[in-house]
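Spelled out from the first residue to the last, the chains are:
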Amino acid sequence: MSDSCSFVFSEELLNYKFNSNHPFNQYRLKLTVDLLHRLNALENHQVIPPRMATDEELSLIHDPSYIDAVKMAGQGQLPQHIAENYGIGTEDTPIFPNMHEASALLVGGTLTAVDQVMTGKALHALHLGGGLHHGFRGKASGFCIYNDSSVAIKYLQNKYNARVLYVDTDAHHGDGVQWSFYDDPDVCTLSIHETGRYLFPGTGNVNERGQGKGYGYSFNIPVDAFTEDESWLEVYTNSLKEVAEFFKPDVILTQNGADSHYYDPLTHLSATMKIYREIPKLAHEIAHQYCGGKWIAVGGGGYDIWRVVPRAWALIWMEMIENSNCYGSLPKDWLEYWQEKAPVTLPINWNDPEDMYKPIPRKAEITEKNLLTLEKALYPIRNHQKSEYKK
């Protein structure tokens, strides 16, 4: 199985860097790749370098004038007042040198993963540098300049005539991808995220179901703040199984933000490594059940780059290659090497301790609320099934 998996990576992906103090830090890629190497779980022949996305490919989603603005900004040639109209030069998405080239490489990495899977070179492909799901047609947003997942889905449609199930488990709503395909019945989006009442981007309500021919193909499950593992997994497992059965995709594209963890500094959820073990496991199962195994996975959010992201993202690859060497202690040499550089104490085990945080006082209430949200989100599917049964 390991020979039929591709891992898209090169050091150049680290060039997507706003500044040294910005929470979005692609150094997390380096920690993850090193962890996999020290586990002897990543072979050189499995590592595929990303290519640069062309302007034509970027224009599948992004307005050409926006692409030109990003190019000019990266060369220091875009006035501040114009840059802000495009969502760049802001606190969230600052301008940095050669930002177009760095961003186009991230998009090209996801397209590389798509081609690996859709041409049969790999059954599964992982591009952790991607997953920038907030980018819009003519505007940057939420650390995302270009939206690689949206471009990849349009590319999958145009080149491979594929029906795509996009599954987003980032703590932030996958707004950019949802709106790109809001009226398209051949793309189904499922986003499980912290409620927008407390968190950027403030969208992803249950009643955002699509429009026109795309109505009924957008699913949102905004979970309550402080949601814990059991409730989160109940929502994820039921929604993904039922949505996949409803849509029956040709290929599954999963966005794997690792920011629902208790340690994440930007969110308010209380998940542990338990969910990051189960997320890829079910995605893998769904891919084989409906898509002949075709599964493309990208990264996303994740702002505790030392304690959370390397473990969470390594587990995606370990699931893809069906390697079970991800229990007990983390590799001693990895811990020793990175602890010298880390500003926090690194965890020594794959799993988190049971007493990592104090008990959440509203656990039962939160769980019940999330179940009601799940019921509302899946009502169209479940109601249709009841109608069919009565016939």
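Enquirer: Please set out the packing of aromatic side chains residue by residue, giving values where relevant.
Expert: Throughout the structure, instances matching the rule amount to 22 aromatic pairs. For the ring pair Tyr16 and Phe18, a centre distance of 5.3 Å and an interplane angle of 75 degrees mean the geometry is edge-to-face. With 4.7 Å between their ring centres and 65 degrees between their planes, Trp179 and Tyr182 make a pair best called edge-to-face. An aromatic cluster is defined as three or more aromatic residues linked by ring pairs; in this entry it consists of Tyr16, Phe18, Phe24, Phe96, Phe143 and Tyr303.

Enquirer: Provide a residue-level description of the sheet that holds strand E7 (residues 251-255), including the pertinent values.
Expert: Here 8 strands make up an open sheet; going across it, the order is E2-E1-E3-E8-E7-E4-E5-E6 and the pairing parallel. The sheet is open, and its two borders are formed by strand E2 (47-48) and strand E6 (218-223), each paired with just one other strand. Direction of pairing for strand E1 (residues 5-8) relative to E2: parallel, over a ladder of 2 bridges. Opposite Val8, over in E2, you have Ile48 as the bridge partner.

Enquirer: So what's going on with the nonpolar core? Which residues, and what values?
Expert: Grouped together as the largest cluster of nonpolar side chains are 124 residues, with contacts concentrated most on Phe7, Tyr16, Ile145, Leu165, Tyr236 and Trp317. It is helix H5 (residues 99-118) that provides the largest number of residues to this core, a total of 11 residues. Once residues within four sequence positions are removed from consideration, Leu165 is found in contact with Cys188, Leu240, Val243, Ala244, Phe247, Pro249, Val251, Ile252 and Leu253.

Enquirer: Lay out the environment of Ala125 with the relevant residues and their values.
Expert: Mapped onto the secondary structure, Ala125 falls in strand E3 (residues 124-127). Once the C-alpha coordinates of Ala125 and Met320 are considered, the two residues, 195 residues apart in sequence, prove to be 8.2 Å apart. Discounting residues that sit within four places of it in the chain, Ala125 has contacts with Ser6, Ala113, Gln116, Val117, Trp295, Ile296, Ala297 and Met320.

Enquirer: Before we move on, could you go through the packing of helix H1 (residues 27-38) against helix H10 (residues 309-320) and cite the residues and values that matter?
Expert: The interhelical angle for the contact between H1 and H10, taken along N-to-C directions, is 50 degrees, at an axis separation of 9 Å. Classified by the angle between their axes, H1 and H10 sit oblique to one another. As H1 runs across H10, the sense of the crossing is right-handed. Residues Arg28, Leu29, Leu31, Thr32, Leu35 and Leu36 of H1 lie in contact with H10, whose contacting residues are Val309, Pro310, Arg311, Trp313, Ala314, Trp317 and Met318.

Enquirer: Tell me about the pairing of strand E8 (residues 295-298), and name the residues and values.
Expert: The alternating pattern of E8 places Trp295 and Ala297 and Ile296 and Val298 on opposite faces, both of which are buried. Where E3 meets E8, 4 bridges bridge the pair, whose relative direction is parallel. Bridging across to E8, Ala125 finds its partner in Ile296. Here 4 bridges tie E7 to E8, and the two strands are oriented parallel to one another. Bridge pairing in E8 places Thr254 opposite Ala297.

Enquirer: Would you mind going over the environment of Ser150 in detail, with residue names and values included?
Expert: Positionally, Ser150 belongs in helix H6 (residues 148-160). When its relative accessible area of 0% is taken as the criterion, Ser150 is described as buried. In sequence terms Ser150 and Ala283 are 133 residues apart; their C-alpha atoms lie 19 Å from each other.

Enquirer: Any chance you could break down the pattern of salt bridges for me, citing the residues and the numbers?
Expert: Scanning the entire structure with this criterion turns up 19 salt bridges. In this structure, the salt-bridge partner of Lys369 is Asp224, at a minimum N-O distance of 3.7 Å. Residue Lys369 is located in helix H12 (residues 363-390), and its partner Asp224 is located in the loop between E6 and helix H8 (229-247); the two are separated by 145 residues in the primary sequence. A residue is classified by how much of its surface remains accessible, and Lys369, at 34% relative accessible area, is partly exposed.

Enquirer: Quick rundown of H1? Include the residues and the values.
Expert: Over its 12 residues, H1 extends 17 Å from the first C-alpha to the last, a length consistent with the 16 Å expected when each residue adds 1.5 Å. Taken as a whole, H1 has its buried residues at Arg28, Leu29, Leu31, Thr32, Val33, Asp34, Leu35 and Leu36. Of the surrounding elements, those touching the buried residues of H1 are E1, H10 and helix H11 (332-339). Asn40, located one to two residues past H1, shows a positive phi value of around 55 degrees.

How each quantity is defined
Residues numbered from 1 in each chain as written. Predicted model: local features only at pLDDT ≥ 70, side-chain atom pairs only at ≥ 80, totals over all residues. Heavy atoms only, no water. Phe/Tyr/Trp six-rings, centres within 6.5 Å; stacked < 30°, edge-to-face > 60°. Pairing = 2+ DSSP bridges. Helix = DSSP H or I, 4+ residues; strand = E, 2+ residues; numbered from the N terminus. Core = buried A, V, L, I, M, F, W, Y, C linked by side-chain atoms within 4.5 Å. Buried < 20%, exposed > 50% of the residue type's maximum accessible area, 1.4 Å probe, protein only. Contact = heavy atoms within 4.5 Å. Axes fitted to C-alpha atoms, helices over the stretch in contact; angles between N-to-C directions. Parallel < 35°, antiparallel > 145°, perpendicular 65-115°, else oblique. Left-handed = near helix turned anticlockwise from the far one by under 90°. Salt bridge = Lys/Arg side-chain N within 4 Å of Asp/Glu carboxyl O. Expected span 1.5 Å × (residues − 1).

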